[in-house]
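Read off the chains here:
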Amino acid sequence: QIFPMKGQGKQRVHLGVGAIMAAGALVAALGLHGGAVQAQSNPTPYWASITQVPAIMRRGPGREMPAMWQYVRDDLPVRVIAVYQDWRRVEDPAGVRGWMHSRLLSRARAAIVTGGTRPMHLSPADDAPVAFRAEEGVVGRISDCEDGWCMFDVKGRAGWIRTDHIWGDGPP
């Protein structure tokens, strides 16, 4: 069964115990547990964003692996924490971890507003005029991040936001 989660831009897929056990057995058989995946030559962690929707997060690296989540939100930021062939182990803004195919992701920097409605300033200063306000959960592209501020662009409407008001910036 699939249950939509309000305001999260993803859907939860409930899995049977048999599917979870089969996924665990395949991961163990392929040697994809913990350190083996982390030892890949690609530098991780790094920030990415979902570029193709719907995007399926899976229990393991492979199309035959059970689906955990379906993301329906473009540009949602994720943290890539491991690499295995064409698959990326990612963490979403809620802390959920799973595997996505690399074609679903982009290195384009994005962020999500956290902690309530936040002011978007005309310049990177708390006393700068407010251009608009972004509600918690709004996703946008980020650039020019430094000194605790990022330029945050929401479909052409941009302003400066404090980095402690977003998830998707800082050390991955």
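Everything here concerns the structure above.
In this text the structure is predicted, and so the values were computed from the model without any measurement.

Undergrad: Even after reading the chapter, I still don't get the environment of Val 78, so can you show me in this structure?
TA: Within the secondary structure layout, Val 78 lies in strand S6 (residues 77-84). With a relative accessible area of 0%, Val 78 lands in the buried category. Other than its neighbours up to four places away in sequence, Val 78 contacts Tyr 46, Trp 47, Ala 48, Ser 49, Ile 50, Val 90, Glu 91, Asp 92, Leu 105 and Trp 167.

Undergrad: How do you make sense of the state of the cysteines when you look at a structure like this?
TA: Should the sulfur atoms of two cysteines be covalently bonded, the bond is a disulfide. Summed over all chains, the structure comprises one disulfide. Two residues share a disulfide in this structure: Cys 145 and Cys 150, whose sulfurs sit 1.9 Å from each other. Taking the sign of the S-S torsion, 120° for the link of Cys 145 and Cys 150, the bridge is right-handed. Residue classification places Cys 150 among the buried residues on the basis of a relative accessible area of 0%.

Undergrad: What am I meant to see in the environment of Pro 93 here?
TA: With respect to the helices and strands, the residue Pro 93 is situated in the loop between strand S7 (87-91) and strand S8 (97-101). Overall, Pro 93 belongs to the partly exposed group, its relative accessible area being 29%. Taking the C-alpha atoms as reference points, Pro 93 and Gly 137, separated by 44 residues in sequence, lie 9.7 Å from one another. The residues contacting Pro 93, other than those within four sequence positions of it, are Leu 76, Pro 77, Ile 112 and Trp 167.

Rules and cut-offs
- Residues numbered from 1 in each chain as written.
- Predicted model: local features only at pLDDT ≥ 70, side-chain atom pairs only at ≥ 80, totals over all residues.
- Heavy atoms only, no water.
- Helix = DSSP H or I, 4+ residues; strand = E, 2+ residues; numbered from the N terminus.
- Buried < 20%, exposed > 50% of the residue type's maximum accessible area, 1.4 Å probe, protein only.
- Contact = heavy atoms within 4.5 Å.
- Disulfide = S-S within 2.5 Å.

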